[in-house]
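# Fold and contact review
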Amino acid sequence: MTLKDKNLYYVGGVVRDEILGTQSFDTDFCYEGNAIEFARKSGLNIIKENPDFGTVRVTPPQTSPSRECDPSIDIASTREETYPQAGHLPVIKNIGCSLKNDLKRRDFTINAMAKNTVTGDIIDYFGGIKDIRNKKLKVLHSKSFIDDPTRILRGLKFAVRFGFELDDETKKLQDDYLDNINYDMSYHRLKKELKETFNLNKEEAYKKFIEQGIYKLLGGNITPSQYFPSREGVSALIDKYKPYKPWLVWLGFFDLSNLELTGEEQKIIDSIPNVKPKNNFETYKLFNNLPLETVLLYALSIDYDIAINYLDRLKNIKIKTTGKDLKQLGIPNGKIYKEIFDFLLEEKIKNPQTDEIKLVKEKYGFI
Ligand code: CTP
């Protein structure tokens, strides 16, 4: 990256990750002043300007002619934020404010550092480097969780990702907030953080979620007896079967109605069957069209062995016979095809070596 200016800084997670020596997911830039004016003045290739937020999307200068992809980058102007409605999106003010004021509005000291793109100096007004060394998560001011309760989830996420703990004062602020939650909040943001936290698939996240009472942020009627019936082994199940939405396997038994689940997410939860099939064929039929996450939730709540038998064995059993094969046997198209396919599947589930065509001929006597 050759984008440099004495007022241009790397900011937030990327600086934290560099100090931690871990890989960063994205690189955020912040310009002390007006980023849009900076981009225009510098002749950068501007893709999009957003004056209300003071952000600009540019194509970074080419570093080499052979560069294959050329991802765009966002540069934010320094800005302050206020929360006229606690728990909701902040309102932006003072675009172009001092870097210090921009850093002050952030969630944790470890995320409130910047690195100058010219000098490489790390700007650390709030002790972020020290907190990284001490593995502590510390908010910048006492109203931080009131302004933005999603930060409690972010704290959990960073704690699990980096092996950090909340510092004592921050833990107390979290406890105070969780004893007095304002449920009129942006659940959209909460959901994003929940997904990121539980997609890490760490048992520790779940433990802290329960023990610290963070689950209470979900709202709804949650009592301790409704906790995950069996949380042991969840992580191993997810590692083994790799569902697309691990977070829902972790949280599927909570009341998630505040989160505005998508149709697909809702289906995962609503279709957990509350029955126990009596044989392999019934098991196959029960799970065949269900999302993997639902089968895992069934394993955790209704019957582990039945679900695992399906996932490890039955799920892979397929019949090879097609409608074309049946036609060739002279069987007229109609309802009977489905009956034959079901029959074949049942037989195959009983005996995977079944000779399908032979069986059809024997049973249905065509030809
Ligand atoms: N931030 C904040 N409060 C939030 C969300 C974000 O103060 N509720 C600030 C933090 O300074 C954070 C930065 O915005 O570092 C960027 O946020 P985000 O991209 O969500 O997080 P990162 O810190 O970059 O972490 P990740 O590695 O998970 O992307």
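Everything below is about the structure printed above this text.
Reference entry: report on the structure contained in this document. A quick note: this is a predicted structure, and the numbers were derived from the prediction, not measured.

### Brief notes about the packing of aromatic side chains
For the structure shown, the criterion picks out 18 aromatic pairs. With a centroid separation of 6.4 Å and an interplanar angle of 85°, the aromatic rings of F108 and F158 are classed as edge-to-face. Pair noted here: F108 is in the loop between α3 (99–104) and β8 (114–116) and F158 is in helix α6 (residues 150–162), with a separation of 50 residues, a long-range link. An identical accessibility class is assigned to F108 and F158; each is buried. Grouping aromatic residues by their ring pairs yields a cluster made of F198, Y206, F209, Y215, W250 and F254.

### A closer look at unusual backbone geometry
Within the chain, N94 stands out as a residue other than glycine whose phi angle is a positive 50°. Note on placement: N94 falls in the loop between β7 (91–93) and α3.

### Regarding the pattern of salt bridges
Counted according to the given criterion, the structure contains 32 salt bridges. The partner of K115 in a salt bridge is E18, and the shortest N-O contact between them spans 2.9 Å. Within this pair, whereas K115 is found in strand β8, its partner E18 is found in helix α1 (residues 13–20), the two being separated by 97 residues in sequence. Classification of K115 as buried rests on a relative accessible area of 17%. One salt bridge in this structure joins R154 and E193, with 3.0 Å as the shortest N-O distance. With R154 in helix α6 and E193 in helix α8 (residues 187–198), the pair connects residues that are 39 residues apart, well separated along the chain. Looking at E193, the relative accessible area reads 5%, which means it is buried.

### Some points on the site of the ligand
Near the ligand there are 17 residues, and of these R16, D107, N111, D148 and R161 occur at the shortest range. Separating a nitrogen atom of the ligand from a side-chain N or O atom of D148 is a distance of 2.8 Å. Interatomic distance of 3.3 Å between a side-chain N/O atom of R151 and a nitrogen atom of the ligand. In isolation the ligand offers 570 Å² of accessible surface; the protein chains occlude 83% of this area. Only α1 and α6 provide two or more residues apiece to the shell around the ligand. Of the residues that constitute the shell around the ligand, the class distribution is two nonpolar, four polar and 11 charged.

### Focus on the sheet that holds strand β9 (residues 122–123)
The seven strands lie next to each other as β3-β4-β5-β2-β1-β8-β9, forming an open sheet whose pairing is mixed. Sheet topology places β3 (45–50) and β9 at the edges, where each strand pairs with a single neighbour. Taken together, the five bridges between β3 and strand β4 (residues 55–59) define a ladder with antiparallel strand orientation. In the sheet register, N45 faces β4, and the bridge partner there is T59. Contacts between α1 and the sheet are confined to β1 (8–11), β2 (28–31), β8 and β9, with β1 contributing the most and set at about 65° to the helix.

### Describing helix α14 (residues 292–301)
Three- or four-residue spacings in an α-helix give side chains the same orientation, since the helix completes a turn every 3.6 residues. In terms of residue burial, α14 counts as a mostly covered element, since eight of its 10 residues are buried. When we look at burial in α14, the residues that qualify are E293, T294, V295, L296, L297, Y298, A299 and L300. Among the structural elements, α10 (234–241), α11 (246–251), α12 (263–270), α13 (280–287) and α15 (304–312) are those in contact with the buried residues of α14.

### Observations regarding the packing of helix α17 (residues 335–350) against helix α18 (residues 356–364)
Geometry of a packed helix pair, given as the angle between the helix axes and the separation of the axes. Two elements in contact, α17 and α18, have axes separated by 11 Å at closest approach and are oriented at 120°. Overall, the two elements α17 and α18 adopt an arrangement that is oblique. The two elements α17 and α18 cross, and the hand of that crossing is right-handed. Residues I336, E339, I340, F343, L344, E347 and K348 of α17 pack against E356, L359, V360, K363 and Y364 of α18. Taken together, the residues of the contact of α17 with α18 break down into seven nonpolar, no polar and five charged.

Thresholds, definitions, all that
- All residue numbers refer to position in the chain's written sequence, counted from 1.
- Given that this is a predicted model, residues contribute local features only at a pLDDT of at least 70 and side-chain atom pairs are listed and counted only at 80 or more, while totals for whole chains, interfaces and linings are drawn from all residues.
- Water and hydrogen atoms were dropped before computing side-chain values, which therefore reflect all heavy atoms in the structure.
- For Phe, Tyr and Trp, where Trp contributes only its six-membered ring, two rings pair if their centres lie within 6.5 Å, and the inter-plane angle classes them as stacked under 30 degrees, edge-to-face over 60, or tilted in between.
- Numbering of helices and strands runs from the N terminus; a helix is a DSSP stretch of H or I covering at least four residues, while a strand is a stretch of E covering at least two.
- Whether a residue is buried, partly exposed or exposed follows from its accessible area with a 1.4 Å probe, protein chains only, as a fraction of its type maximum: under 20%, in between, or over 50%, in that order.
- A carboxyl oxygen of Asp or Glu within 4 Å of a side-chain nitrogen of Lys or Arg is what we treat as a salt bridge.
- Throughout, the term near means that a residue has one or more heavy atoms lying within 4 Å of the molecule or strand in question.
- Definition of a polar contact: a pair of N or O atoms within 3.5 Å, with one able to donate and the other able to accept a hydrogen when the atoms are protein atoms, and with sequence-neighbouring residues admitted only if both atoms are side-chain atoms.
- For accessible areas, the Shrake-Rupley method is used with a probe of radius 1.4 Å. Any residue's cover is judged against the shown protein chains and nothing else.
- For this classification, Asp, Glu, Lys and Arg are treated as charged, while Ala, Val, Leu, Ile, Met, Phe, Trp, Tyr, Cys and Pro are nonpolar and the rest, including Gly, are polar.
- The pairing criterion for strands is at least two bridges between them, as found by DSSP.
- By definition, residues are in contact when any of their heavy atoms lie within 4.5 Å.
- With axes taken as lines fitted to C-alpha atoms, and helix axes fitted only over the stretch in contact, angles between N-to-C directions fall between 0 and 180 degrees.
- Comment on the angle field: the value is read as roughly parallel under 35 degrees, roughly antiparallel over 145, roughly perpendicular from 65 to 115, and oblique elsewhere.
- In this scheme the crossing of two helices becomes right-handed for a clockwise turn of the near helix relative to the far one and left-handed for an anticlockwise turn of less than a right angle.

Function-wise, these values are silent; they only describe arrangement.
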